[in-house]
Amino acid sequence: MAAAAAGAASAELVIGWCIFGLLLLAILAFCWIYVRKYQSQRESEVVSTITAIFSLAIALITSALLPVDIFLVSYMKNQNGTFKDWANANVSRQIEDTVLYGYYTLYSVILFCVFFWIPFVYFYYEEKDDDDTGKCTQVKMALKYTLGFVVICALLLLVGAFVPLNLPDNKNSTEWEKVKFLFEELGSSHGLAALSFSISSLTLVGMLAAIIYTAYGMSALPLNLIKGTRNAAYERLENTEDIEEVEQHIQTIKSKSKDGRPLPARDRRALKQFEERLRTLRKRERRLEFIENSWWTKFCGALRPLKIIWGIFFIFVALLFVISLFLSNLDKALHSAGIDSGFIIFGANLSNPLNMLLPLLQTVFPLDYILITIIIMYFIFTSMAGIRNIGIWFFWIRLYKIRRGRTRPQALLFLCMILLLIVLHTSYMIYSLAPQYVMYGSQNYLIESNMTYNDHRGNSSLSVPKRCDADAPEDQCTVTRTYLFLHKFWFFSAAYYFGNWAFLGVFIIGFIVSCCKGKKSVLERVDEDDSDLSDDEPSLYSV
């Protein structure tokens, strides 16, 4: 019987890993399509494209490991709180180590991408814009600028390695004994603290990106789908009126010099501005005419009811996330162990919809896997909507615009860097939405319950199952490796807690702003500073 049970368990584990493998292929295909969709057709570079696809895929694969981690710790126990026959101490440790080494590998690759490869490729193409620069000079300059990122990474690893999470028992120990204790702690953790500190630092940056882009995108995406875009024929009519008005101004200014007198400096400046404006309006006229007569406009018009339905659906999804996040944060504010513990809560005092739904779906594999995948993809699409609406800024300076088919290589690298950091933060966001699920999955443990019989006037002890939480014994409940990585340092957890409140605030502000804004233009604006805009690349896909 034990052998048969072990065989059945192994078969289900193999099926789980096969599904994970298929998901990896789907992730690679999605990243390739996504990056190719946004990259400029005129300025596409092979290295930047491969870098963007690879970095985004690594982030998604890391997030895909979360449900695998939760499934494995849950699958080792029965619903009655006992461990399965095959899940002895050695097997459990082997499974945990496999997931842990997977995280070690993926997080190390993420550090390599963020602190070396992406900055190197970015600075390489920045130097390439200078025509007089040779290949060797480009590489040297890119390496010089990248060295700063490498130093930051080394400092994060060193700080994480030697931050004293545990203090020596002997308070009267010498300085040498304290240093020796730190090295012993570093050896016993196998570098987990150093890697966790570095990844948590990146996750903190991802939290800021999520507050700016994802929170706004969660309101902008559905409302843009519902409101749609302006009518191309109506915009063309307005544009024609503007052209006539500008031509009239030009004729008025030129009429002042018919008798041979030179124009004053003020009129010359005004004439130049009106002529530039006229060129812009005529370019806009050609694009509007192209879009008005295109099949894509007619196709999007036919899909208009479907877009409205999707917009309403996304509003309900956004409200589900916001309500779940609010209840989870409120639970931490009322019932947590305080800021010194990173607002850890013992049990779920205030239930939220997702925290109740995910453990239920986990009983039917792989429904929870599918839901987490949907959540991650939803965060990516809403983040992308936020980035497209806001753009990439450095304080008050706009660096790049993100547009379909017209995004420069440097902007594409920036885009994938931001998405990588947001996807890293998604793991903690899912923990905020369903803390018990991310920590222990569907694990139960046995507690002794005393029962009194009045007839016999006697007491008996009965073991009853209870859902695992932070107050559960360590030998009875296995914590996911994801939780160990994300919550090694209490101050990061405290920062995430306050960041969630900021996320909710930005969502509300973004929702109000999106409601007040009018319909978007059928094409993206033609500006003089738009370096990747041309007449032969009409913006059809923003319809």
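Here the structure is a predicted model, which means the values were calculated and not measured. (Residues numbered from 1 in each chain as written. Predicted model: local features only at pLDDT ≥ 70, side-chain atom pairs only at ≥ 80, totals over all residues. Heavy atoms only, no water.)

Right, let's get into a negative patch on the surface. On the surface, a cluster of negative charge is contributed by Glu 241, Asp 242, Glu 244 and Glu 245. Its location among the elements puts Glu 245 in helix H7 (residues 232-254). Owing to a relative accessible area of 43%, Glu 245 belongs among the partly exposed residues under this scheme. (Patch = residues over 30% accessible without salt bridge, like charges linked within 9 Å, V, L, I, M, F, W, Y side chains within 5 Å. Areas by Shrake-Rupley, 256 points an atom, 1.4 Å probe, with all protein chains shown as cover. Salt bridge = Lys/Arg side-chain N within 4 Å of Asp/Glu carboxyl O. Lys, Arg positive; Asp, Glu negative; His and termini not counted. Charge placed at Lys NZ, Arg CZ, Asp CG, Glu CD. Helix = DSSP H or I, 4+ residues; strand = E, 2+ residues; numbered from the N terminus. Buried < 20%, exposed > 50% of the residue type's maximum accessible area, 1.4 Å probe, protein only.)

Our next topic: the pairing of strand S2 (residues 397-400). Working note: regular strand, side chains alternate between the two faces of the sheet. Two strands pair when backbone bridges link them, and strand S1 (residues 392-394) and S2 are joined in this way by 3 bridges, in the antiparallel orientation. Directly across from Ile 392, in S2, lies its bridge partner Tyr 400. From the end of S1 to the start of S2, which pair antiparallel, there are 2 residues, and Phe 395 there has a positive phi angle of about 60°. (Pairing = 2+ DSSP bridges.)

What follows concerns the pattern of salt bridges. One pass over the full model with this rule turns up 4 salt bridges. Arg 284 serves as the salt-bridge partner of Glu 235, at 2.8 Å between the closest nitrogen and oxygen. With Glu 235 in helix H7 and Arg 284 in helix H8 (residues 265-292), the pair connects residues that are 49 residues apart, well separated along the chain. When its relative accessible area of 17% is taken as the criterion, Arg 284 is described as buried. For Arg 236, the salt bridge identified is with Glu 285, shortest N-O distance 3.0 Å.

This part covers the side chain of Ser 324. Position of Ser 324 relative to the elements: it lies in helix H10 (residues 304-335). Judged by its relative accessible area of 0%, Ser 324 falls in the buried class. From its side chain, Ser 324 meets the backbone oxygen of Leu 320 in a polar contact 2.9 Å long. Those residues within four positions of Ser 324 in sequence are excluded, and the remaining contacts are Asn 352, Pro 353, Leu 354 and Leu 433. (Polar contact = N/O pair within 3.5 Å; in protein donor to acceptor, adjacent residues only side chain to side chain. Contact = heavy atoms within 4.5 Å.)

Averaged over all residues, the pLDDT of the protein chain is 76; the fraction at 70 or higher stands at 80%. Here helix H5 (residues 175-189) stands out as the element of the protein chain with the lowest mean pLDDT, 47, in contrast to helix H16 (residues 490-516), whose mean of 89 is the highest. When the criterion is pLDDT under 50, residues 175-179 qualifies, and its contacts beyond four places in sequence or with other chains add up to 1 contact. Taken as a whole, residues 525-543 scores under 50 in pLDDT and shows 63 contacts with residues more than four places along the chain or in a different chain. (pLDDT = per-residue confidence, 0-100.)

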